[in-house]
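# Chain and residue survey
Residues per chain are reported as follows:
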Amino acid sequence: MKLHRDELTPQMQEYARFDDRGEARYLPYLMYFHQSDYQSSVINTDRAGFRISHGPDGETASAAGRVPTGPVRLISGSSTVLGIGATSDATTLASQLWSKHAPSAPWLNFGGRCYNSTQELLLFTLYRHLLPEIEEIVVFSGLNDLTVGRLPEWQQGDNGAFWFCGEYFDKMEELRENNRKAIGNKLLGRRKERRRTISTHDDVHHDISAVIDSAADLTLRHLDSWRRLAGPSARLTYVLQPMALWMRDRHAPQEQLLFDEIDRISKLGTWEALYGDISRKEVARAFSDKLEAGCEKLGIRYVDLNPVVAEAVTERDWIYVDRAHYTDHGYDLVARILAETLSLS
């Protein structure tokens, strides 16, 4: 059966190949990052896995590839910053900013697929040495921190849960079990019962106010570290990313077709069943209020882009390929509004 997704967003087939879990790169500290030196007509990465940015006059750049002389600008975040849904490297947020809406300095793409605020900070920390002087850092994020904030308490630790952490904990338990067997009878009578590590949807936190508090606290802790690492010469801004259900109740016809189809073919369940409790507008507002108050105390500029983008579009504007990622038109529109809101030149 022909899918609306294949017809309306054929580029998503390439993202599925790019995001093949069988080809996942597991890295120390970060846990995972993109395939390196990936080449296609839709998405391309450098030797470390950073996506290529495009600027005016055919210029390109990436953190571990061609790095322009400073100063440069960074946009950090998860898969929306990476540019899932864009038909090419040239239509991501970083590229739209560099080539059209804020071209006075190059923009580098520091997006990490499925990253939370801990991993976003670590990615910058581990690869900062590759970069020249930085004049602007925009952390464009938020949705994933609420999503993983709902995972079971035993997965949270001191630094929050992360995508696929159930697999990690399960493999670590297998390793411990193998080590127990290796020392044989020394542990007889003292072996602890193995803890179940595979979580189910029933295990997630349903106290959403607690999830909001925890996600905001972690994000602000990491933003304080961003502030210290960025130094006095770089301006730091946190932007709460626009998400379809945080923005508006009615969607463009193409969006509704795609949303309904994704729900129908998903093996995990519908978006409402999985993430409905954090997709309410009142949840986004409560999360935003806590982030805004915390950023004010830290001296970090803060913007919730959801109401700003919502004001700029109509129900005819097709800006989402799914509830979190944008079309080329969406990336262009969000980049323009971001540049205008932050007074970027």
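Notes on the structure in this doc start here.

Reading the values: rules and limits
- Residues numbered from 1 in each chain as written.
- Predicted model: local features only at pLDDT ≥ 70, side-chain atom pairs only at ≥ 80, totals over all residues.
- Heavy atoms only, no water.
- Helix = DSSP H or I, 4+ residues; strand = E, 2+ residues; numbered from the N terminus.
- Rg over C-alpha atoms; globule rule 2.2 N^0.38 Å.
- Buried < 20%, exposed > 50% of the residue type's maximum accessible area, 1.4 Å probe, protein only.
- Areas by Shrake-Rupley, 256 points an atom, 1.4 Å probe, with all protein chains shown as cover.
- Lys, Arg positive; Asp, Glu negative; His and termini not counted.
- Charge placed at Lys NZ, Arg CZ, Asp CG, Glu CD.
- Phe/Tyr/Trp six-rings, centres within 6.5 Å; stacked < 30°, edge-to-face > 60°.
- Lys NZ or Arg CZ within 6 Å of the ring centre and 35° of its normal.
- Core = buried A, V, L, I, M, F, W, Y, C linked by side-chain atoms within 4.5 Å.
- Axes fitted to C-alpha atoms, helices over the stretch in contact; angles between N-to-C directions.
- Parallel < 35°, antiparallel > 145°, perpendicular 65-115°, else oblique.
- Left-handed = near helix turned anticlockwise from the far one by under 90°.
- Contact = heavy atoms within 4.5 Å.
- Nonpolar A, V, L, I, M, F, W, Y, C, P; charged D, E, K, R; others polar.
- Pairing = 2+ DSSP bridges.
- Disulfide = S-S within 2.5 Å.
- Expected span 1.5 Å × (residues − 1).

A tally of regular secondary structure across the protein chain gives 14 helices and seven strands. Whereas a compact globule of 345 residues would reach a radius of gyration of roughly 20 Å, the protein chain reaches 21 Å, a difference of no more than 12%. Over its C-alpha atoms, taken along the principal directions, the protein chain stretches across nearly 70 × 45 × 45 Å. In the protein chain, buried positions account for 54% of the 345 residues. With the model as given, the accessible surface of the protein chain reaches about 16,000 Å², and the carbon-plus-sulfur share is 51%. Seen as two clouds, the 41 positive and the 49 negative side-chain charges of the protein chain have centres 6 Å apart.

One pass over the structure, following the stated rule, counts 17 aromatic pairs. With 5.1 Å between their ring centres and 85 degrees between their planes, F50 and Y127 make a pair best called edge-to-face. Of the two residues, F50 sits in the loop between α2 (11-18) and β1 (53-54) while Y127 sits in helix α5 (residues 117-127), which places them 77 residues apart along the sequence. A relative accessible area of 16% places Y127 in the buried class. Pairwise contacts between aromatic rings join Y32, F33, F50, F110, Y115, F124, Y127, W163, F164 and W226 into one cluster. Over the aromatic face of F164 sits the side chain of R21, whose NZ or CZ is 3.8 Å from the ring centroid.

One finds I75, F110 and F140 to be the most contacted residues of the largest nonpolar core, which totals 98 residues. Ranked by residue count, the leading element in this core is helix α8 (residues 208-230), at nine residues.

Orientation of α5 relative to α8, taken along the N-to-C sense of each, is 15 degrees, at an axis distance of 9 Å. The angle between α5 and α8 places the two elements in the roughly parallel class. Like other packed secondary-structure pairs, α5 and α8 cross with a definite hand, here left-handed. Of the residues in α8, those touching α5 at S117, T118, E120, L121, F124 and T125 are L218, T219, H222, S225, W226 and L229. Across the contact of α5 with α8, the residue classes break down as five nonpolar, six polar and one charged.

A few words on the sheet that holds strand β5 (residues 134-141). With respect to topology, five strands assemble into an open sheet ordered β4-β3-β5-β6-β7, the strand pairing being parallel. Looking at which strands have only one partner, the edges of the open sheet turn out to be β4 (107-111) and β7 (301-304). Within this sheet the neighbouring strands show an average axis-to-axis angle of 20 degrees, counted without direction. Bridge count between strand β3 (residues 72-77) and β4: five bridges; the pairing is parallel. Pairing of S76 across the sheet is with F110, part of β4.

What we call a disulfide is simply a covalent bond connecting the sulfur atoms of a pair of cysteines. Counted by the stated rule, this structure contains zero disulfides. Unpaired in terms of disulfides, C114 finds its nearest cysteine sulfur in C165, a separation of 12 Å.

Before going further, it helps to spend a moment on unusual backbone geometry. Between G70 and the following residue, P71, the backbone shows a cis peptide bond with an omega angle of 0 degrees. Relative to the helices and strands, P71 is located in the loop between β2 (60-61) and β3. A positive phi is found at M31, a non-glycine position, where the angle reads about 80 degrees. Within the fold, M31 resides in the loop between α2 and β1. With a phi close to 70 degrees, F164 is a non-glycine residue in the positive phi region. You can see F164 is positioned in the loop between α6 (143-149) and α7 (165-182).

For helix α14 (residues 328-341), with 14 residues, the first-to-last C-alpha span of 20 Å sits near the 20 Å given by 1.5 Å per residue. Within α14 the residues assigned to the buried category are G330, Y331, L333, V334, A335, I337, L338 and A339. On its buried side, α14 packs onto β3, α3 (79-82), α4 (93-101), β5, β6 (235-240) and α13 (305-312).

What follows deals with the pairing of β4. β4 sits mainly inside the fold: five of its five residues count as buried. Residues W107, N109 and G111 of β4 are buried on one face, and the alternating residues L108 and F110, pointing to the opposite face, are buried as well.

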